[in-house]
Amino acid sequence: GTWGSWGPWSSCSSSCGDGVALRSRRCLRTSEEQPCTGDPRQYRLCQLQGCPSGSVPFRAMQCSLYDNRPVLGTSARYRWVPFHGAPNLCDLNCLAEGHNFYYSFGRVLDGTRCGPGSPDLCVGGRCLSVGCDGILGSGARPDACGHCGSGHGSCVLVHRLFQGTDPSSGYLGYVNVTKIPAGATHIKVTDKSRNYLALMASDGRYVLNGDWAIAWPGPYEAAGTLLTYSRAPDGTESLEAPGPTHEDLHVMALLQEPNPGIEYRFWLPRGHPQLGRGDTSPLRQPQPRGAGSPP
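Conventions and cut-offs
Residues numbered from 1 in each chain as written. Predicted model: local features only at pLDDT ≥ 70, side-chain atom pairs only at ≥ 80, totals over all residues. Heavy atoms only, no water. Pairing = 2+ DSSP bridges. Helix = DSSP H or I, 4+ residues; strand = E, 2+ residues; numbered from the N terminus. Axes fitted to C-alpha atoms, helices over the stretch in contact; angles between N-to-C directions. Salt bridge = Lys/Arg side-chain N within 4 Å of Asp/Glu carboxyl O. Buried < 20%, exposed > 50% of the residue type's maximum accessible area, 1.4 Å probe, protein only. Phe/Tyr/Trp six-rings, centres within 6.5 Å; stacked < 30°, edge-to-face > 60°. Lys NZ or Arg CZ within 6 Å of the ring centre and 35° of its normal.

Novice: I'm lost on the sheet that holds strand S13 (residues 185-192) in this one. Help?
Specialist: In space, the six strands of this open sheet follow the order S11-S20-S13-S18-S17-S16, with antiparallel pairing throughout. Each edge of the open sheet carries a strand with a single partner, namely strand S11 (155-162) and strand S16 (218-222). Strand-to-strand twist across the sheet, computed as the mean angle between neighbouring axes with direction ignored, equals 15°. Bridge count for S13 against strand S18 (residues 236-241) is six bridges, and the pairing is antiparallel. When the sheet's bridge partners are listed, Ile187 is paired in S18 with Ala241.

Below you can see the structure in the form of structure tokens.
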């Protein structure tokens with residue numbers, strides 16, 4: 001069979017917080033044809049502002065609708081709160097407050113979170129994850145460059161080992177390692193020695209370990225992304241950032257001993273102008289500031 005086109009999206013199932021919208025399509029077929037394969041309905045996540053502080057959570061509100069109503073065929077009345085230990089996450093399982101039993105009042109409403117802290121939503125009694133396209137249950141995941149639904153061929157991995165030598169002056173100091181171009185994602189640089197990794201922005205400003213000053217491990221803002229700098233007791237260092245970067249970053253090394261090799265890797269979109277070009281940067285050799293010799 002052949003599907004007709006998708007209809008318009010419905011209004012959101014909620015006015016704040018989590019919510020879903022629905023659209024549907026019809027199968028265009030006659031009685032002699034095979035039925036259409038696929039789903040006649042599709043749901044997507046609504047982008048809503050947060051609910052006001054003090055608002056009752058969605059699942060708790062649904063349980064509270066049964067407060068003081070007769071259930072279980074008795075005249076007893078109970079107050080109900082969500083119960084999260086039942087096997088079906090998308091049933092409205094509610095615990096009788098002050099008692100040791102729960103009751104299932106059927107399915108939760110569409111757009112209810114599957115559990116506390118879960119990013120997945122219940123739709124039609126099923127727990128569905130949200131794809132990167134916003135469609136529930138689509139299974140769409142972003143590629144390494146952060147593009148949704150573009151397949152695995154849209155990204156190129158740059159993975160190399162820098163084995164440069166000591167500075168040409170013959171003294172301990174800085175050497176260029178590589179340039180990480182703007183647009184890079186999933187960046188990781190690793191050094192397993194007593195040397196120090198250094199990082200410079202495209203405007204010549206140091207982000208890490210520049211001008212002979214060693215920074216503390218921790219998070220740093222650089223090129224529009226959050227960089228994590230770590231240093232282990234044995235001297236092993238790493239720089240990691242999810243990207244994408246908004247400008248070039250220049251990786252350097254402050255050498256104190258021969259360089260055993262600095263490994264770096266990042267992803268670039270296929271067709272990026274920097275692919276296939278040299279990745280070293282003509283950076284200046286930093287000079288020590290203040291009196292005395294460099295550490």
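There's plenty left to go through after this.
Novice: Would you explain the pattern of salt bridges in this entry?
Specialist: Charged atoms that come close allow side chains of opposite charge to pair. Scanning the model with the defined rule gives five salt bridges in all. For the salt bridge of Asp67 with Arg79, the shortest nitrogen-to-oxygen distance reads 4.0 Å. Separated by 12 residues along the polypeptide, Asp67 in the loop between helix H1 (58-64) and strand S5 (80-82) and Arg79 in the loop between H1 and S5 bring together distant segments of the chain. Its relative accessible area of 17% is what places Asp67 among the buried residues. Note on Arg79: relative accessible area 47%, which makes it partly exposed. Linked through salt bridges whose partners overlap, the residues forming this network are Asp67, Arg79 and Glu97.

Novice: Honestly, the packing of aromatic side chains in this entry has me stumped. Any pointers?
Specialist: Given two aromatic rings, one states the distance between the centres and the angle between the planes to describe the pair. Counted by the stated rule, this structure contains 11 aromatic pairs. Their ring planes at 15° and their centres at 6.3 Å tell us that Tyr264 and Phe266 sit as a pair that is stacked. Taking relative accessible area as the criterion, Tyr264 reaches 5% and is therefore assigned buried. Pairwise contacts between aromatic rings join Tyr66, Tyr78, Trp80, Phe101, Tyr103 and Phe105 into one cluster. Sitting over the ring of Trp3, Arg25 keeps its end group 4.2 Å from the ring centre.

Novice: Just to check I follow, could you spell out the sheet that holds strand S10 (residues 126-128) for this structure?
Specialist: Through backbone hydrogen bonds, the strands of a sheet pair up, either in parallel or in antiparallel fashion. Overall, antiparallel pairing links the three strands, which are arranged S8-S9-S10 in an open sheet. Both outer strands of the open sheet, strand S8 (112-113) and S10, are each paired with one neighbouring strand and no more. Bridging between strand S9 (residues 121-123) and S10 involves three bridges; their strand directions are antiparallel. Along S10, the bridge assignment pairs Leu121 with Leu128.

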